[in-house]
Amino acid sequence: MRVNTLKRAAVAIALALPGAAIAAVVAAPAAHADGCYTWNRNLYQGRSGSDVRELQIRVAGWAGNRDIVELDGIFGPKTHAAVRRFQQAYGLRVDGVAGPETYAKLYELQDNDCTPRHFSYSELDDGCGRGGWSGGPLSASETRENALHTMWKLEAMRRSLGDEPLYVTSGFRSHACNNQVGGASDSQHLYGTSADVVSRTSSLCEVARDARNRGFSGIFGPGYPDHDDHVHVDSRRENNDDGASNSTSWSAPDCGIG
Ligand SMILES: [Zn+2]
């Protein structure tokens, strides 16, 4: 069954892209059974599909300064640059092509539930003691998907800051939870797109500065009211469900960010 599916896929590629067909089929990664997700072809600039989007989620934290990797399923220059930074960060060959070596690292990093190895859903779910992903403006599954995206950005930050633990003090908040803690009325925490982060090995300013390169379009830290004991990071630019414009907003005056 699986073999037939792969054969059909290969034929489809051959029909669609006669010139590239042989190289693509020969270079396809060896079959690999991963508990979360398995890629079945090499990905590089010009390719598109749901497998590109799965890759984009996992390299979103390597977006580069003030940039984001959109989850559009199209492997463009920003995805290429992010894959290169991912490869650089993990000591792989830096070519911007997601192939067997890059996938092997991603399989190593992802748990069977698709969270990156150093973060878990339970760290980001409703923070007022109830757990779960319901009670916000989005469906539970949309909220959980946003939290997954957030976690992959945090995994990149953790790597960038020297492979030391980062601690999430608040992730998703239901409306009830957000009211309880006095969060902003349209807080990114309601959507699963944000995390409040602390570290024992990096200063808050080091965390805030690093966040600028990790695809976080919202950063609030030391010097911003009520943010002297954690750094808030979020993905407001990618959030089309909130009431705010899709723009970058950073403020951590004590860290020279603002
Ligand atoms: Zn926050």
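Everything here concerns the structure above.
We now turn to the structure provided with this report. Here the residue numbering is sequential within each chain, running from 1 through the sequence in written order. Thresholds applied to this predicted model are a pLDDT of at least 70 for local features of residues and 80 or more for the giving and counting of side-chain atom pairs; totals over whole chains, interfaces and linings are not thresholded and use all residues. Hydrogen atoms and water are omitted, and side-chain values are computed over all heavy atoms in the structure.

**Comments concerning the coordination of the zinc ion**
Link 1 in the chain: Note on donors: an N, O or S atom is included if it sits within 2.8 Å of the metal, or within 3.2 Å for Na, K and Ca, and water is never included, so sites can look incomplete. Of the protein atoms, only His189 (NE2), Asp196 (OD) and His232 (ND1) coordinate the zinc ion, at distances of 2.0 to 2.1 Å.
Link 2 in the chain: One chain supplies every donor to the zinc ion, and in sequence these donors are spaced H-x6-D-x35-H. Of this pair, His189 sits in the loop between α8 (175-181) and β2 (194-199) while His232 sits in strand β4 (residues 231-234), placing them 43 residues apart in sequence.
Link 3 in the chain: For every residue, the accessible area obtained with a 1.4 Å probe (protein chains only) is divided by the maximum for its type, and the residue is called buried under 20%, exposed over 50%, and partly exposed between those limits. Looking at His189, the relative accessible area reads 2%, which means it is buried.
Link 4 in the chain: Its relative accessible area of 6% is what places His232 among the buried residues. To qualify as a helix, a DSSP run of H or I must reach at least 4 residues; to qualify as a strand, a run of E must reach at least 2; elements of each kind are numbered from the N terminus.

**Digging into the sheet that holds strand β3 (residues 218-220)**
Link 1 in the chain: Two strands are counted as paired when DSSP detects at least two bridges linking them. Pairing is mixed across the open sheet formed by five strands, whose spatial order is β1-β2-β4-β3-β5. This sheet does not close on itself; its edge strands, each paired only once, are β1 (166-170) and β5 (249-251). Strand-to-strand twist of the sheet, defined as the mean angle between neighbouring strand axes without regard to direction, takes the value 25°.
Link 2 in the chain: Direction of pairing for β3 relative to β4: antiparallel, over a ladder of three bridges. What sits directly across from Ile219, in β4, is Val233. Comment: axis = line fitted to C-alpha atoms, over the contacting stretch for helices; angle = value between 0 and 180 degrees taken between N-to-C directions.

**With respect to the pattern of salt bridges**
Oppositely charged side chains can form a pair if their charged atoms are brought close together.
Link 1 in the chain: By definition here, a salt bridge exists when the distance from a side-chain nitrogen of Lys or Arg to a carboxyl oxygen of Asp or Glu is within 4 Å. The tally for this structure, following the rule as stated, stands at 14 salt bridges.
Link 2 in the chain: When the shortest N-O distance is used, the salt bridge between Glu108 and Arg117 registers 3.8 Å.
Link 3 in the chain: When its relative accessible area of 43% is taken as the criterion, Arg117 is described as partly exposed.
Link 4 in the chain: A salt bridge links Asp126 to Arg130; the shortest N-O distance between them is 3.2 Å.
Link 5 in the chain: What makes Asp126 buried here is its relative accessible area of 3%.
Link 6 in the chain: Residue classification places Arg130 among the exposed positions, given a relative accessible area of 56%.
Link 7 in the chain: Salt bridges linked by common partners bring Lys105, Glu108 and Arg117 together as one network.

**A closer look at helix α4 (residues 77-89)**
Link 1 in the chain: Under the 1.5 Å per step criterion, the end-to-end length of α4 is 18 Å for 13 residues, consistent within 8% with the ideal 18 Å.
Link 2 in the chain: Residues of α4 that are buried: Thr79, Ala82, Val83, Phe86 and Gln87. The arc enclosing the buried residues of α4, seen along the axis, measures out at 140°, which places them on a common side. In this structure, α4 carries Pro77 and Gln88 as exposed residues pointing more than 90 degrees from its buried face.
Link 3 in the chain: Residue contacts follow a heavy-atom distance rule, with two residues in contact if any of their heavy atoms lie within 4.5 Å. Tucked inside the fold, the buried residues of α4 contact α3 (50-59) and α5 (100-109).
Link 4 in the chain: Where α4 ends, the next residue or the one after it, Gly91, has phi of about 70°, a positive value. Expected span of a helix, by definition, is 1.5 Å for each gap between consecutive residues, and there is one gap fewer than residues. Our arc is simply the arc of the directions from the helix axis toward the C-beta atoms.

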